[in-house]
Amino acid sequence: MKRGRIPCGVYLIFLELRLAEHIRSTGREWRLPPGVYAYAGSARTALFPRILRHLKFVKKIHWHLDLLTTRPTVGVPLVLCTSRPELTECRLIRLVREHCPAAVPVAGFGNSDCPTGCPGHLLRLGSELPATLPERLLAVL
Ligand SMILES: [Zn+2]
């Protein structure tokens, strides 16, 4: 990465839903039980501003993820990102599932422009963040 340039890249945003959430978007709806989730996204430019936008509580709803990050009962305990060009958001989803076999895709969430047919770019990881998952992911990101 050249100094001063804002990189492109991919990110994983971990979400903690303290309560069950029922969200709707253009004919879709999801009922999400409480627990920890991981969302994979990408930014073709301006990776860090994109992540900071996702962390804002007040914003115009644009992406499926915004439907969760604007809820007062949803926290963001961890964000991982990388500008390695060979990694895509779809590859991040596969990596999380390789390192967390309990991860369950939330069908149709966040993958409307997915080129590889992922079932969803949001995964439910369980009731708590698996203790070793962040370390395992950092080793490969
Ligand atoms: Zn995908």
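Quick look at the structure, then. As the structure is a prediction and not an experimental result, all values here were calculated from the model.

### So, the nonpolar core
Residues Leu-12, Tyr-37, Ala-38, Tyr-39, Ala-40, Val-96 and Leu-123 are the most contacted members of the largest nonpolar core, which totals 27 residues. If you list the elements that add at least two residues to this core, you get β1 (9–17), β4 (35–43), α3 (89–99), β7 (122–126) and α4 (133–140). Dropping the residues within four chain positions of it, Tyr-39 is found in contact with Ile-13, Leu-15, Leu-65, Gly-110, His-121 and Leu-122.

### Let's talk about the sheet that holds β1
Strand order in the open sheet made by the five strands is β5-β1-β4-β7-β6, with antiparallel pairing throughout. Each edge of the open sheet is held by one strand with a lone partner, namely β5 (74–82) and β6 (104–105). By the bridge criterion, four bridges tie β4 to β7 in an arrangement that is antiparallel. Bridge pairing in β7 places Tyr-37 opposite Arg-124.

### Thoughts on the pairing of β7
Burial within β7 is extensive, with four of its five residues counted as buried. For β6 and β7, the ladder comprises two bridges, and the chain directions are antiparallel. The residue of β7 that forms the bridge with Val-104 is Arg-124.

### So, unusual backbone geometry
In this model, Thr-26 sits at a positive phi of 35 degrees, which is unusual for a non-glycine residue. Looking at the element boundaries, Thr-26 is found in the loop between β2 (21–25) and β3 (28–32). Under the C-beta neighbour-count criterion, Thr-26 is labelled exposed, with 7 such atoms within 10 Å. With a phi close to 55 degrees, Ala-46 is a non-glycine residue in the positive phi region. Following the sequence through the fold, Ala-46 ends up in the loop between β4 and α1 (47–55).

Each value, and the rule that gives it
- The residue numbers shown here count from 1 along each chain, following its written sequence.
- Confidence filtering applies because this is a predicted model: local features only for residues at pLDDT of at least 70, side-chain atom pairs given and counted only at 80 or more, and all residues used for totals across whole chains, interfaces and linings.
- Joined through C-beta atoms within 7 Å, a set of buried Ala, Val, Leu, Ile, Met, Phe, Trp, Tyr and Cys residues constitutes a nonpolar core.
- Here the C-beta atoms are placed from the backbone, and a residue counts as buried if at least 20 other C-beta atoms lie within 10 Å of its own, exposed if 12 or fewer do, and partly exposed otherwise.
- Numbering of helices and strands runs from the N terminus; a helix is a DSSP stretch of H or I covering at least four residues, while a strand is a stretch of E covering at least two.
- The contact rule is simple: place each C-beta atom from the backbone, and if two of them lie within 7 Å, those residues are in contact.
- Here a strand pair is declared whenever DSSP counts at least two bridges between the two strands.

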